[in-house]
Amino acid sequence: MSDATPGSVKAVGRPLFLRIFALLLGSLLAVQALNVVLVIVTPPPAPRFFSLEQIERALKGGGTEALKRVETDDPGFEQGSARYERRIHDHLATRLRLPSEAVRVRLRDAFGHPRPFRRGPSPREATGTSIAGDFKAAFRQPSGRWVVLQPSGLEIGFWRWRAIATLALAVLLAMPIAWWLSRRIARPIAMFGAAAERLGRDPRSPPMALSSIPEVAHATSAFNEMQAQLQRYVADRSLMLGAVAHDLRTPLMRIALHLEGASPSVRLAVEEEVADMQSMLTAVLTFLRDQEQPARCQRLDLRTVVESVADGLDDEGHPVELEAGPQLVIEGDPVALKSLVSNLMRNAVVHAGGPIRVLLGEDGSTIWLEVQDRGPGIDEALLERMFEPFVRAEASRSRETGGIGLGLASARAVARGHGGDVTLANRPGGGLVARMELSR
């Protein structure tokens, strides 16, 4: 048992929030560094310039690799309204000797968006003899079809793809850090969940190991201290009950001695009560002793254990119907599990007053056992209370049938110590079903 307390835990590492902050800040800086590298190493390409002579020749049929020329019924755009677009439009209409409505010009910004430039033209553009960057120019032929011209180069698009590839690389580089950080944060939560589940199955389970992270170390120390307090509480309670049960034997023996001079009727009645009390004290001491003994886990076949108990009941004249099936191997304490199975089966045999049926099976990582009897059953309100010590359903389970009310409590304690549980339920056709579930 760990004797560490929350106040005694020293800071043996950097706080968790500082680690998370440093990782997030480092990831952000790394992504920004990649963006800076992208801007410096791969700057966007400079826009190309096309003279009006080139555009005119291309529109008339002298297309080049840098200019794409197509014929269509609809140019797909309207004449731009910016001043520079109107100036280029007028120049082209004059050079092509076409009316104004038969020519259209539309400029695009550096990102290819079909909208006019909002800033003033450069000195070179102001001459009205060239077009910079991306554009569309079209004129209507006498046949009514339009000739549309636009640059065929993909420099801007290629630069965009390089930017996207760089950002994708930044994401790929950040993903392992994010994955590691997520696992780092989730690991203590999973560790506490497993420790709580282990504590629920066995309060005597070993304490958690302290972490190098101060926050987790404080929480672990507090959990270990809570576990130690629970163990001390259970041990003190068991010690007190054991001492009381043991010390009560002496006054009972004195009562039996004082009865020697009493009348036979009085002596017989009191001796029966004394015998019952001695049986209860013996059962209590046995129950406490079994709870204090450490479990001795080994691999065993649960079906073999059930068959052994069933054979013993058959020899005593209590018929048991056990369905055949495969082996069900489990890790557990053979003595405790045999006591558990015996408690359930003997409880059904004695209190049902007839044959019982036993079923065994598995469901994934869980092995289950059902003991079905044909007795009168139990009131629904008492089903859960039957697992409390010394609680019995008097309507169907009188003292003459045997037992003092510790069998089901002991059975549930053993099942929960093996990561399972025991429940009771009334059968639809009459009788009771005791179901045990154990984790492999």
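Residues numbered from 1 in each chain as written. Predicted model: local features only at pLDDT ≥ 70, side-chain atom pairs only at ≥ 80, totals over all residues. Heavy atoms only, no water.

Quick notes on the overall build of the protein chain
Check the secondary structure of the protein chain and you find 11 helices and 13 strands. In the protein chain, buried positions account for 34% of the 440 residues. When contacts within the protein chain are restricted to residue pairs at least 6 apart in sequence, those whose partners lie at least 24 apart make up 69%. (Helix = DSSP H or I, 4+ residues; strand = E, 2+ residues; numbered from the N terminus. Buried < 20%, exposed > 50% of the residue type's maximum accessible area, 1.4 Å probe, protein only. Contact = heavy atoms within 4.5 Å.)

Let's talk about the pattern of salt bridges
Scanning the entire structure with this criterion turns up 15 salt bridges. Between K60 and E56 there is a salt bridge, and its shortest N-O distance comes to 2.9 Å. For K60, a relative accessible area of 53% corresponds to the exposed category. E71 serves as the salt-bridge partner of R69, at 3.8 Å between the closest nitrogen and oxygen. (Salt bridge = Lys/Arg side-chain N within 4 Å of Asp/Glu carboxyl O.)

Description of helix α3 (residues 83-96)
Compared with the 20 Å implied by 1.5 Å per residue over 14 residues, the 20 Å span of α3 between its first and last C-alpha is a close match. The set of residues buried in α3 consists of Y84, E85, I88, H89, L92, A93 and L96. End-on view of α3: buried residues confined to an arc of 165 degrees, all on one side of the axis. In α3, the exposed positions angled more than 90 degrees off the buried face are occupied by R83 and T94. Following α3 by one or two positions, R97 adopts a phi angle in the positive range, close to 55 degrees. (Expected span 1.5 Å × (residues − 1). Arc of directions from axis to C-beta.)

Focus: the confidence of the model for the protein chain
Here the protein chain averages 75 in pLDDT, and 74% of its residues register 70 or above. Confidence over residues 114-128 falls short of pLDDT 50; this stretch has 27 contacts with residues more than four positions distant or in other chains. Confidence drops under pLDDT 50 across residues 395-399; counting only partners more than four residues distant or on other chains, this segment forms 12 contacts. (pLDDT = per-residue confidence, 0-100.)

Focus: the packing of aromatic side chains
Inspection of every chain in the model, using the stated rule, returns 1 aromatic pair. Taken together, a centroid distance of 6.2 Å and an interplanar angle of 70 degrees make the contact between F192 and F223 edge-to-face. In this pair, F192 sits in helix α5 (residues 155-201) while F223 sits in helix α6 (residues 214-247), placing the two residues 31 residues apart along the sequence. In this structure, R104 packs its charged tip against the face of W146, placed 4.7 Å from the ring centre. Taking the ring centre of F387 as reference, the NZ or CZ of R412 above it sits at 3.7 Å. (Phe/Tyr/Trp six-rings, centres within 6.5 Å; stacked < 30°, edge-to-face > 60°. Lys NZ or Arg CZ within 6 Å of the ring centre and 35° of its normal.)

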